[in-house]
Amino acid sequence: MRAYAEFAVKKFRNQTAYRMDCFMGILKTIFSFIVYFSIYKALYGGRSDVDGITLNMVVTNFIISLGLSNAFDFNEMFLPDKISWGEISNELLKPVSFRLRLLSEHIGESIFKLVFNFVPSLIFAAFTIGMMPPSSAINMLLMAISAVMGYLILWELSFIVQTWSFWLFSVWGIIVMKNVLVNIMTGAMIPLWFMPSMLRGIISFTPFESVYFTPVRLYLGQISGSEIAVCMINQAVWIVVLFVIGDIFWKKGTKKLVVQGG
């Protein structure tokens, strides 16, 4: 495991070389906060709440969801590019798991973005736009744990789509469609409180709700008692299920891999 930790540390250090990208990432996140705040403030039209959902709850939802989505953004063309360029054969010869190495590097990059992108943007939003404080210190801790599990779910979904490049000439369009679906069904773009009951019911049977909306609800204290355990177990189950599915695609893909040239 030490080797994979080194991959994460190296990726974290590499990100420090791109200071302008870091600065632009902060501006992008802050700009997103301002735009979404303006939209929802106009939609509320001065009302204190809509169906029991206050503007502050919505603001808190998109600050956490959008902030995490920007921090959890990683290179989803890494594996497809390795396959199309034929470099995947060299990767498979290395004495480490390609999958764990890729995850480790993405974790290192995401930690950097959390520290130098999300946290500064969060501080800005807290003092300017305004967001609700966590319902308790325990809920804040639970939200952090849930966010990590949500990250693993999101990463596994990305890895599964990337493995399809073993069979498809290009997966770029599928990745774009997947990202749009993630933004909508995770509640990052439209809070799931406002989704039609039928659609909300369908989403509850998918891994999407567990990515951002579960951490947000824990932060706000909307989940308590035994329901916390149910939500955490649900996230853990999805991590395992998606890992197994990704493992199946990866093994079948590497078995049919043919690389010409060299």
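Worth saying up front: this structure is predicted, and the values here are computed from it rather than measured.

### Considerations on the packing of aromatic side chains
For step 1, the next point in the chain: Summed over the entire model, instances satisfying the criterion amount to 17 aromatic pairs.
For step 2, the next point in the chain: Between Phe12 and Phe112, the ring centres sit 5.5 Å apart and the planes meet at 75 degrees, which makes this aromatic pair edge-to-face. Of this pair, Phe12 sits in helix H1 (residues 2–15) while Phe112 sits in helix H6 (residues 98–128), and the two are 100 residues apart along the sequence.
For step 3, the next point in the chain: A residue is classified by how much of its surface remains accessible, and Phe12, at 26% relative accessible area, is partly exposed.
For step 4, the next point in the chain: On the numbers, 5.9 Å between centres and 40 degrees between planes, the contact of Tyr36 with Phe62 is tilted. Of this pair, Tyr36 sits in helix H2 (residues 19–44) while Phe62 sits in helix H3 (residues 55–71), and the two are 26 residues apart along the sequence.
For step 5, the next point in the chain: Owing to a relative accessible area of 1%, Phe62 belongs among the buried residues under this scheme.
For step 6, the next point in the chain: A network of ring pairs unites the aromatic residues Phe78, Phe98, Trp155, Phe159, Trp164, Phe166, Trp167, Phe249 and Trp250 as a single cluster.
For step 7, the next point in the chain: When the ring centre of Phe243 is taken as origin, the NZ or CZ atom of Arg99, which lies over that ring, is 4.1 Å away.
For step 8, the next point in the chain: In this structure, Arg101 is placed above the aromatic ring of Phe7, and the distance from its NZ or CZ to the ring centre is 5.8 Å.

### Topic: the pattern of salt bridges
For step 1, the next point in the chain: Scanning the entire structure with this criterion turns up 12 salt bridges.
For step 2, the next point in the chain: With its nearest N and O atoms 3.5 Å apart, the salt bridge here joins Lys94 to Glu91.
For step 3, the next point in the chain: On the basis of relative accessibility, which here comes to 7%, the residue Glu91 falls in the buried class.
For step 4, the next point in the chain: A salt bridge links Glu209 to Arg200; the shortest N-O distance between them is 3.4 Å.
For step 5, the next point in the chain: Among the residues examined, Arg200 registers a relative accessible area of 23% and is labelled partly exposed.

Calculation notes
Residues numbered from 1 in each chain as written. Predicted model: local features only at pLDDT ≥ 70, side-chain atom pairs only at ≥ 80, totals over all residues. Heavy atoms only, no water. Phe/Tyr/Trp six-rings, centres within 6.5 Å; stacked < 30°, edge-to-face > 60°. Helix = DSSP H or I, 4+ residues; strand = E, 2+ residues; numbered from the N terminus. Buried < 20%, exposed > 50% of the residue type's maximum accessible area, 1.4 Å probe, protein only. Lys NZ or Arg CZ within 6 Å of the ring centre and 35° of its normal. Salt bridge = Lys/Arg side-chain N within 4 Å of Asp/Glu carboxyl O.

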